Amino acid sequence: MAEAMGEEMAEMPKLETEKDEEDEQELANDLAPDTLGQLWDDEDTKAFYENLPDLVAIIPSILYKDSKGEGEPVTKKDTEDLDKEDEDDIQIDEEPVEEVNLEEEEDMTEAINMSNRMVLDAFLSQLPNCVNREMIDSAAAEFCMNHNTKSNRKRLVKGLFTVQRTRTDLLSFYSRLVAALEPCMPDVPIQLAALLKQDFRWHVRKKDQINIESKLKVCRFIGELTKFSMFSKADVLFCVKQLLFDFSHHHIEMACTIFESCGAFLYRSPDSHRRTKIYLEQMLRKKAAMSLDSRYTTMIENAYYVVAPPDTPQEAKRVRPALHQYIRKLIYADLNKTNTEKILRQIRKFNWDDPEVAAYNVKCLKNVWNLKYFN
């Protein structure tokens, strides 16, 4: 344009890219394994969610070869789906959704023996009693060996989905059951995840202020399945995205429940860390911009600090010399009415000619508030 007008080229101001480079470097540092921390809080939790029974090696293949070919395994969406969205790109889900219908849909061609139905009913009635890892693993092996039919798998999914809304303690064990059965029966986690997604979307779409326990149960169930990789990370983050779009009343409690159940897992996973951090910041901004009840404010702050606790330096523990520890033990712990002479003899044996030892003994004797007194 300057040549066409016969004018000199104007000097354009240089763009400040230092801040962008700093942001990119900060993002790269955030995704480093050292900054994300350990995926699990302790070894027991890690063993619960990762060390699953190998039913393929235990159960004869003749018992699951038909079910293994049905349904596609749970697939993980590409990490691009987690990162391609803009920070403020929150859109409401406008796809039609219907309420979950759990009526019996049994094929007429498959005759179901009444005795087999009663056996499966007995198995399902015992599931609420499986409250530890060994019992739920045994239940998974029993179902694979004795009840593995298409209709029974549907009834199992229905039984897991209709867990009592007050028994949230069972959700982690039911999720482990689904994860253990997945190599042999990939249709079980697919059907359960589809029911949970449909029920979640139904509750979000209704926008009513009832059945809060059922809503929280669905959110916690989704979170537990996510930690077993039976529920896609992209799907659970999309659920959080829909709750943030209409962040009020029950949606606040549902979002906090998801963050409390699987937020730390998503935050410490490199492929979902960025989106989780963005949604956490959006939740805090909405809390600051909205006039919320103190109960909701406390709930949001608790959920945030469960996922991303503040970096507080650990206080250095004071290390005393061995002699000082022994003096404090004699005076503050061992001394009582029955052993006064014995403790006195021990104290007299110290080197009282040493000014440091003498001063520390006198100091401990003066600090009488450290001495236990039994009236």
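Residues numbered from 1 in each chain as written. Predicted model: local features only at pLDDT ≥ 70, side-chain atom pairs only at ≥ 80, totals over all residues. Heavy atoms only, no water.

Counting its secondary structure elements, the chain contains 20 helices and zero strands. Every one of the 375 residues in the chain was classed for burial, and the buried ones make up 39%. In the chain, the proportion of contacts linking residues at least 24 apart, taken out of those at least 6 apart, comes to 79%. (Helix = DSSP H or I, 4+ residues; strand = E, 2+ residues; numbered from the N terminus. Buried < 20%, exposed > 50% of the residue type's maximum accessible area, 1.4 Å probe, protein only. Contact = heavy atoms within 4.5 Å.)

This paragraph deals with the pattern of salt bridges. Scanning the model with the defined rule gives 14 salt bridges in all. One network of salt bridges, in which partners are shared, links Lys206, Asp208 and Lys215. (Salt bridge = Lys/Arg side-chain N within 4 Å of Asp/Glu carboxyl O.)

Turning our eyes to something else, we now look at the confidence of the model for the chain. Across the chain, the average pLDDT comes to 82, with 78% of residues at 70 or higher. Across the chain, the element-wise mean pLDDT spans from 48 in helix 2 (residues 18–30) up to 94 in helix 11 (residues 171–181). pLDDT under 50 marks residues 16–21. Its contacts with residues more than four places away, or in other chains, come to zero contacts. Residue range residues 106–111 is modelled with pLDDT below 50. Its contacts to residues more than four positions away, or to other chains, number five contacts. (pLDDT = per-residue confidence, 0-100.)

With that settled, the discussion passes to the environment of Asp137. Structurally, Asp137 can be placed in helix 9 (residues 133–146). Classification of Asp137 as buried rests on a relative accessible area of 16%. The spatial distance from the C-alpha of Asp137 to the C-alpha of Leu181 is 9.5 Å, given a sequence separation of 44 residues. Those residues in contact with Asp137 that sit more than four places away from it in its chain are Pro53 and Arg176.

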